[in-house]
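This is what each chain is made of:
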Amino acid sequence: MTCQDWRDAPAEVVVPLYEAEGARWRDDLGWDMCPSWAIVEEARAAGHLPGWLARDGVNGPVVGWTFFLLYAGTLQIGALNGTSARAIRALLQAIFRSPEASLARELSCFLYPGSAAVQPALSRQRFALRQSLYLVNDEPGRVQGARCEVQGAACGVQGAGCKVRPFMLGDEPGVVRLLSLSYRGV
């Protein structure tokens, strides 16, 4: 297993990885990750976003990938995908050996565990794990929890006539209702 700096890889190697991951987010949660992946790819191609490709051998197929960044002393892992426990472990080792990790005071991950190896690999490194629930309510006219998307200071629900706009003073009661309906009984 070898890890290659993903900033050195051509777009035709990396873009299919985004597409596969985007399909999973869309199919499982109803989230459109395309705008996010476009930002990630722009930063990667410009050399500003560190990450790794795990390969089966020096020039073998990509069997895992990750990206991360250091922000305000926190190492933030934005993706961690692999086809095996070995790939996940190799990616984590590469991250933890990076210059960014040596400067970090804490770690934060926003991961969609794609393999059964992600949780055990992080647990083995003694990380405290917390899983988030993404719920769906299929009742007509009701809020669909998994379809709610919060981006920075904006919140919107997919559906006819809904638009994402900046969060404004006075929106708090609506957000409380949205979360209450989406996560009722949790």
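You'll find the structure just up there.
The structure presented is a predicted model; accordingly, all values stated were derived computationally and were not measured.

**Student:** Report on the side chain of Glu100, specifying residues and quantitative values.
**Tutor:** Tracing the sequence through the fold places Glu100 in helix α4 (residues 99-103). Among buried charged residues, Glu100 stands out as having no salt bridge; its nearest opposite-charge side chain is Arg7, 4.9 Å away.

**Student:** Lay out the side chain of Glu41 in plain terms, naming residues and giving numbers.
**Tutor:** Considering the arrangement of structural elements, one finds Glu41 in helix α2 (residues 34-45). Residue class for Glu41 comes out buried when judged on its relative accessible area of 13%. Ignoring any residue separated from it by four or fewer positions in sequence, one finds Glu41 in contact with Ala11, Val14 and Tyr18.

**Student:** Account for the pattern of salt bridges, naming residues and giving values.
**Tutor:** This structure, assessed with the given rule, holds 4 salt bridges. Put simply, Glu21 and Arg24 hold a salt bridge, and the shortest N to O gap is 2.5 Å. Here the residue Glu21 and the residue Arg24 both occupy positions in helix α1 (residues 11-29), the gap between them amounting to 3 residues, near one helical turn. Both residues of the pair, Glu21 and Arg24, count as buried. With a shortest N-O distance of 3.6 Å, Arg26 and Asp27 are connected by a salt bridge. Taking relative accessible area as the criterion, Asp27 reaches 59% and is therefore assigned exposed.

**Student:** Now, about the sheet that holds strand β3 (residues 62-71): what can you tell me, with residues and values included?
**Tutor:** Strands sit in the order β1-β2-β3-β4-β5 across an open sheet of 5 strands; the sheet is mixed. This sheet does not close on itself; its edge strands, each paired only once, are β1 (2-5) and β5 (106-109). The mean inter-strand angle of the sheet, taken between neighbouring strand axes irrespective of direction, is 25°. Bridging between strand β4 (residues 74-82) and β5 involves 4 bridges; their strand directions are parallel. Bridge assignment links Thr74 to a residue of β5, and that residue is Glu106. Each of β2 (51-55), β3 and β4 touches α1; the most contacted strand, β3, lies at about 85° to it. Each of β1, β2, β3, β4 and β5 touches helix α3 (residues 85-96); the most contacted strand, β4, lies at about 160° to it.

Analysis parameters
- Residues numbered from 1 in each chain as written.
- Predicted model: local features only at pLDDT ≥ 70, side-chain atom pairs only at ≥ 80, totals over all residues.
- Heavy atoms only, no water.
- Helix = DSSP H or I, 4+ residues; strand = E, 2+ residues; numbered from the N terminus.
- Buried < 20%, exposed > 50% of the residue type's maximum accessible area, 1.4 Å probe, protein only.
- Lys, Arg positive; Asp, Glu negative; His and termini not counted.
- Salt bridge = Lys/Arg side-chain N within 4 Å of Asp/Glu carboxyl O.
- Contact = heavy atoms within 4.5 Å.
- Pairing = 2+ DSSP bridges.
- Axes fitted to C-alpha atoms, helices over the stretch in contact; angles between N-to-C directions.

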